[in-house]
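Structural features, examined
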Amino acid sequence: MDYKTVKPRDVANKSSELNFKKAIRMAIEVESEAVRRNTNTFNQNRYTAVADIEDYDALKDRARAIKEESIATIPQLIDQLREQITSRGGFFYLAKNAVDANNYIKNVCVEHKAELIVKAKSMTSEETKLNHVLQNAGIEVAETDLAEFILQVADEQPSHIVAPAIHRTRERIAELFKEKFNPDQPLETGEELTVFAREWLRNKFLQADVGISGANLITADTGTIVLVESEGNIRMTTILPPVHIALAGVEKVIKKRSDIAPFIELLAPSGTGQPLTSYTNILRPPLKLPVYDFKGGRNAKNREFHLVLVDNGRMAMREDPVIKEALYCIRCSACLNVCTNFQTLGGHAFGGETYSGGIGAIWEAGTGRLENARFADLCTGCSRCIDQCPVRIDIPWLTENIRFRLNVQKKDYLASFLSRFMPTAAEDRHNPLQKQFFANYYFFARLGSLLAPLSNWASSLVVSRWFMSVLFSVDKRRKLPQFKKETLIAQYKKMSGE
Amino acid sequence: MELYKKFRKTAEATGAVVELIEADEKALAKAINKAIGDAERVVYSDPVDLSPKLFRAFLSQKDVITNPHEKDLEAAEVGITDAFCAVARTGSICLSLDNNAGAVISLLSKKHIAVLSLDSIVSRPRDVFELSAAIERDFVFISGPSATADMGELVRGAHGPGYLHIILLI
């Protein structure tokens, strides 16, 4: 099979084991080069940037404490926030799930007879698949973050939570633009590609009826929204159109405006490795600024603002003593950039429909189905990411727990039956046979040694290799160890005259 | 001056140009004109935090659009605003969003010239939240020109201005 032609979208959902394997092969062949270079740049920059923060560890403790307190008091914070937003003339909506959030947003846009929507990057809107709903309502949606713009043109899901088009080299972006836009002048350099996209999108900003953004943080005391970016597209999305809708998960709410600082001081250094990104917006929408009318013929001079908070599984995550940890995540991507497996594969293999990396597995499980988190397998538990997390999440512990749940849920009857013939502990009998086989390697080695040379002959048979491949996932091409009647330990004892 | 040195270094690392001049309307006019260079369609918004008097000499001699309409904003090459503070560690300036024209011209222009007082430099981002000027206010930390790395390499000048010129007044 030619894995180069596998479309990332087709293998986004990892509940199918076959998809998962295809995605890995495709990522290695097509995307690895770009992912490796980009994640390594972020990673090196992060080391430099955090070294410049003199109280880095204290700041991490502070951020962690604020998140813990916020998640523990979400219901109260939501009530306070609703009061804040509505008292200043904004609208507040708490959506139960993705469908609920999408419908609310669609209805606001339809009410305004919106023809064109500009969108700033929002992973939450990727999670709820908002664009489909808006487009089905006949509204044009323009993704304005340049990475999201690439993804929209290519019809691909994000491969990284901060830089969603991290899997494309400049050459592959140029190829894509050539195919989709057929520009008069060939686009080659990053500068040329950027200027092309900027011009394409500038007019959209000026004509847009509604701007949709996400939110990095929202404070309950003042309804302040923090939006972090570098391109200026979030500033345009929140300032230029007369209607602004912000969509965010309920976990983004913290208590106080004065608690914002630790997060902005940690977020950019931990993510892209910059002291701050080009723009960090501190807004309390609806903004009081009058609206400029670039489109012409607009009546409304007053701004309208809607804050849509979405649950979509988060409140259930909050009740789970393990998964709850993921709610502290500020989506900086440090854990992705430092992960050697992620550096090789990127989020199209080491990721699901929306979220990527080890932490992404928890998010996919929490906001979707547990099986979607199968890519948690790619976490080897090396623990390199733990120290890099600005809110001190032990991600390997979480992925380990997800794998355990997947194994329990899988109900592998063959494995539980065959486990009776191995010294597997009762609580591990649901585990996949491959895991049980290697966990009991000592037992099988003893058996092989006792039965040598018969065991060597038997294991070399085509039929045995077939069984080993099917049952224990031992590849047929792998060279097997040769068993000897006399074990190394026995030999040693003989030599030392015991 | 320590804060200024640090600020200058970090701001230049973001790609911004930093200049320190006397807080005098003639000196300011000269500095702004130099920063504008040959550019046309210069758009100005009234300062929110600095005294408008500082800009009198500049406004009297230059063909500047002071009360911009949509057409002017769309086509602006240079946008001039003030800013209420700067951050030494990150090389950022903080722009108030209380002034409509300022919010938009600092975004749509190709070059943004920002004027602020030297003694408004603080050490870290967290210090900004302690300022009385930042309480109850919508603002944006601007750290260098707009930029993107999404097209396979770092490019300065994404959706926002590609040039940021910071003038500090002593």
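Here the structure is a predicted model, which means the values were calculated and not measured.

Overview of the overall build of chain A
When its secondary structure is counted, chain A shows 22 helices and 10 strands. Based on the C-alpha atoms only, the size of chain A along its principal axes is roughly 95 × 55 × 45 Å. By the burial criterion, 58% of the 498 residues in chain A qualify as buried. Once local pairs closer than 6 in sequence are excluded, the contacts in chain A between residues at least 24 apart make up 73%. As displayed, chain A has an accessible area near 21,700 Å², and 54% of this comes from carbon and sulfur atoms. Between the centroid of the 66 positive side chains of chain A and the centroid of its 60 negative side chains there is a distance of 5 Å.

Looking at the interface of chain B and chain A
With 48 residues of chain B at the contact, the number on the chain A side is 55 residues. Both faces considered, chain B and chain A share a buried interface measuring about 4,600 Å² in area, 55% of it formed by carbon and sulfur atoms. A per-residue breakdown of the area chain B buries against chain A is headed by B:Asp150, B:Met151 and B:His159, which together make up 19% of the total. At the boundary of chain B and chain A, one finds 9 salt bridges. The greatest single-element share of the side of chain B that touches chain A, amounting to 7 residues, is contributed by helix H5 (residues 100–108) of chain B. Per-class residue counts for the side of chain B that touches chain A are 22 nonpolar, 13 polar and 13 charged.

Topic: helix H11 (residues 260–270) of chain A
Among the 11 residues that make up H11(A), 11 are buried, leaving the element largely enclosed by the rest of the structure. Taken together, the buried positions of H11(A) are A:Ile260, A:Ala261, A:Pro262, A:Phe263, A:Ile264, A:Glu265, A:Leu266, A:Leu267, A:Ala268, A:Pro269 and A:Ser270.

Some thoughts on the sheet that holds strand E8 (residues 139–142) of chain B
As a general point, the strands of a sheet are linked pairwise by backbone hydrogen bonds and lie either parallel or antiparallel. The strand order across the open sheet formed by 8 strands is E8(A)-E5(A)-E6(A)-E9(A)-E8(B)-E5(B)-E4(B)-E7(B), and the pairing between neighbours is mixed. Two strands in the sheet have a free side with no partner beyond their single neighbour: strand E8 (253–254) of chain A together with strand E7 (121–122) of chain B. By the bridge criterion, 2 bridges tie strand E5 (residues 217–219) of chain A to E8(A) in an arrangement that is parallel. Across the sheet, residue A:Ile218 finds its bridge partner in E8(A), namely A:Val253.

Quick notes on the environment of B:Arg56
By the secondary structure assignment, B:Arg56 is in helix H3 (residues 56–61). With 19 residues separating them in the primary sequence, B:Arg56 and B:Gly37 have C-alpha atoms 19 Å apart.

Topic: the domain arrangement of chain A
In terms of domains, chain A is made up of domain 1 (10–23 + 60–315) and domain 2 (413–495). Computed from C-alpha atoms alone, the centre-to-centre distance between domain 1 of chain A and domain 2 of chain A is 52 Å.

Notes on the side chain of A:Arg257
Structurally, A:Arg257 is set in the loop between E8 and H11. Put simply, A:Arg257 is tucked away with no salt bridge, and the nearest opposite charge, on B:Asp138, sits 5.4 Å away. Side-chain polar atoms of A:Arg257 contact the backbone oxygen of B:Arg137, separated by 2.8 Å. Not counting residues up to four positions away in its chain, the partners in contact with A:Arg257 are A:Thr219, A:Asp221, A:Thr222, A:Thr224, A:Ile282, A:Arg284, B:Phe129, B:Ala134, B:Glu136, B:Arg137 and B:Phe139.

Comments concerning the pairing of strand E2 (residues 116–119) of chain A
Residue and element names in this part refer to chain A. Burial along E2 is two-sided: Leu116 and Val118 and Ile117 and Lys119, pointing in opposite directions, are all buried. Bridge count for E2 against strand E3 (residues 140–143) is 4 bridges, and the pairing is parallel. Across the sheet, Val118 pairs through a bridge with Ala142, a residue of E3. Sheet analysis places E2 next to strand E4 (residues 210–213), joined by 3 bridges and oriented parallel. From the neighbouring strand, Ile117 faces E4, where its bridge partner is Val210.

What about the side chain of B:Glu19?
Residue and element names in this part refer to chain B. Looking at the element boundaries, Glu19 is found in strand E1 (residues 17–21). No salt bridge is formed by the buried Glu19. Its closest oppositely charged neighbour is Lys34, at 4.2 Å. Within the structure, Glu19 has its side chain in polar contact with the side chain of His165 (distance 2.7 Å). Residue contacts for Glu19: discarding those within four places in its chain leaves Ala31, Lys34, His165, Ile166, Ile167 and Leu168.

A short note on the packing of aromatic side chains
Each aromatic ring pair is summarised here by two numbers: the centre-to-centre distance and the angle between the ring planes. Residue and element names in this part refer to chain A. By the definition in use, this model includes 24 aromatic pairs over all chains. An angle of 55° between the planes, with centres 6.4 Å apart, marks the rings of Phe444 and Phe472 as tilted. One end of the pair, Phe444, is in helix H19 (residues 441–451); the other, Phe472, is in helix H21 (residues 462–472), with 28 residues separating them in the sequence. Like Phe472, Phe444 is buried. The positively charged end of Arg235 is found above the aromatic ring belonging to Tyr279, 4.9 Å away from the centroid. Above the ring of Trp363, the side-chain terminus of Arg331 is found at 4.0 Å from the ring centroid.

Things to note about the sheet that holds strand E7 (residues 243–249) of chain A
Residue and element names in this part refer to chain A. The sheet built from 6 strands is open, its strands ordered E1-E10-E7-E4-E2-E3 with parallel pairing. What marks the edges here is a single partner per strand, and that holds for strand E1 (91–95) and E3. Adjacent strand axes in the sheet meet at a mean angle of 20°, parallel and antiparallel pairs treated alike. Most of the contacts of helix H3 (residues 74–87) go to E1, to which it runs at about 150°, and overall it touches E1 and strand E10 (304–310).

Some details on the pattern of salt bridges
A side chain of one charge can pair with a side chain of the opposite charge if their charged atoms are brought near each other. Summed over all chains, the structure comprises 45 salt bridges over all chains. Between A:Glu29 and A:Lys4 there is a salt bridge, and its shortest N-O distance comes to 3.6 Å. Within this pair, whereas A:Glu29 is found in helix H1 (residues 17–51), its partner A:Lys4 is found in the segment before H1, the two being separated by 25 residues in sequence. According to the relative accessible area criterion, A:Glu29 is partly exposed, its value standing at 39%. As a salt-bridge pair, A:Arg477 and A:Asp475 come within 3.0 Å of each other at their nearest N and O atoms. Put simply, A:Glu54, A:Asp55, A:Glu265, B:Arg89, B:Arg124, B:Arg126 and B:Asp127 are held in one network by salt bridges that share partners.

Description of helix H8 (residues 170–181) of chain A
Residues and elements named next belong to chain A. Along its 12 residues, H8 runs 16 Å from first to last C-alpha, staying within 8% of the 16 Å computed at 1.5 Å per residue. Within H8, burial applies to Arg172, Ile173, Ala174, Leu176, Phe177 and Phe181. Residues of H8 that are buried in the fold lie against H1, helix H7 (146–154) and helix H9 (190–207). A positive phi of about 45° marks Asn182, the residue just after H8.

Rules and cut-offs
- Starting afresh in each chain, residues are numbered from 1 along the sequence in its written order.
- Labels are handed out in written order, letters beginning with A for the chains and numbers beginning with 1 for the ligands.
- Given that this is a predicted model, residues contribute local features only at a pLDDT of at least 70 and side-chain atom pairs are listed and counted only at 80 or more, while totals for whole chains, interfaces and linings are drawn from all residues.
- To get the side-chain values, all heavy atoms of the structure are used, and hydrogens and water are removed first.
- Strands are runs of DSSP state E lasting at least two residues, helices are runs of H or I lasting at least four, and both sets are numbered from the N terminus onward.
- Classification of residues uses two cut-offs on accessible area relative to the type maximum, computed with a 1.4 Å probe and protein chains only: under 20% is buried, over 50% is exposed, and between them is partly exposed.
- Any two residues whose heavy atoms approach within 4.5 Å at even a single point are treated as in contact.
- Exposure was quantified through the Shrake-Rupley algorithm and a 1.4 Å probe, taking into account, for residues, occlusion by the shown protein chains and nothing else.
- Working convention for charge: Lys and Arg count positive, Asp and Glu count negative, and His plus the chain ends are omitted.
- For charged residues, the charge sits on one atom: NZ in Lys, CZ in Arg, CG in Asp, CD in Glu.
- Buried area: the accessible area, evaluated with a 1.4 Å probe, that two parts lose upon being put together, summed over both parts.
- Any Lys or Arg side-chain nitrogen located within 4 Å of an Asp or Glu carboxyl oxygen qualifies as a salt bridge.
- Side-chain classes follow a simple rule in which Ala, Val, Leu, Ile, Met, Phe, Trp, Tyr, Cys and Pro form the nonpolar group, Asp, Glu, Lys and Arg form the charged group, and the remainder, Gly included, forms the polar group.
- At least two bridges found by DSSP between two strands is the condition for calling them paired.
- Each domain's extent was defined by an automatic or database domain assignment.
- Pairs of N or O atoms within 3.5 Å make up the polar contacts considered here, provided that, within protein, one atom can donate a hydrogen while the other can accept it, and that residues adjacent in sequence are counted only when both atoms are side-chain atoms.
- Only Phe, Tyr and Trp rings take part, Trp by its six-membered ring, and two of them pair if their centres are within 6.5 Å. Stacked means planes under 30 degrees apart, edge-to-face means over 60, and tilted covers everything else.
- Any Lys NZ or Arg CZ found within 6 Å of a ring centre and within 35 degrees of that ring's normal is scored as a charge over the ring.
- Angles here are taken between N-to-C directions and fall from 0 to 180 degrees, while the axes themselves are lines fitted to C-alpha atoms, restricted in helices to the stretch in contact.
- A helix is expected to span 1.5 Å for every residue after the first.

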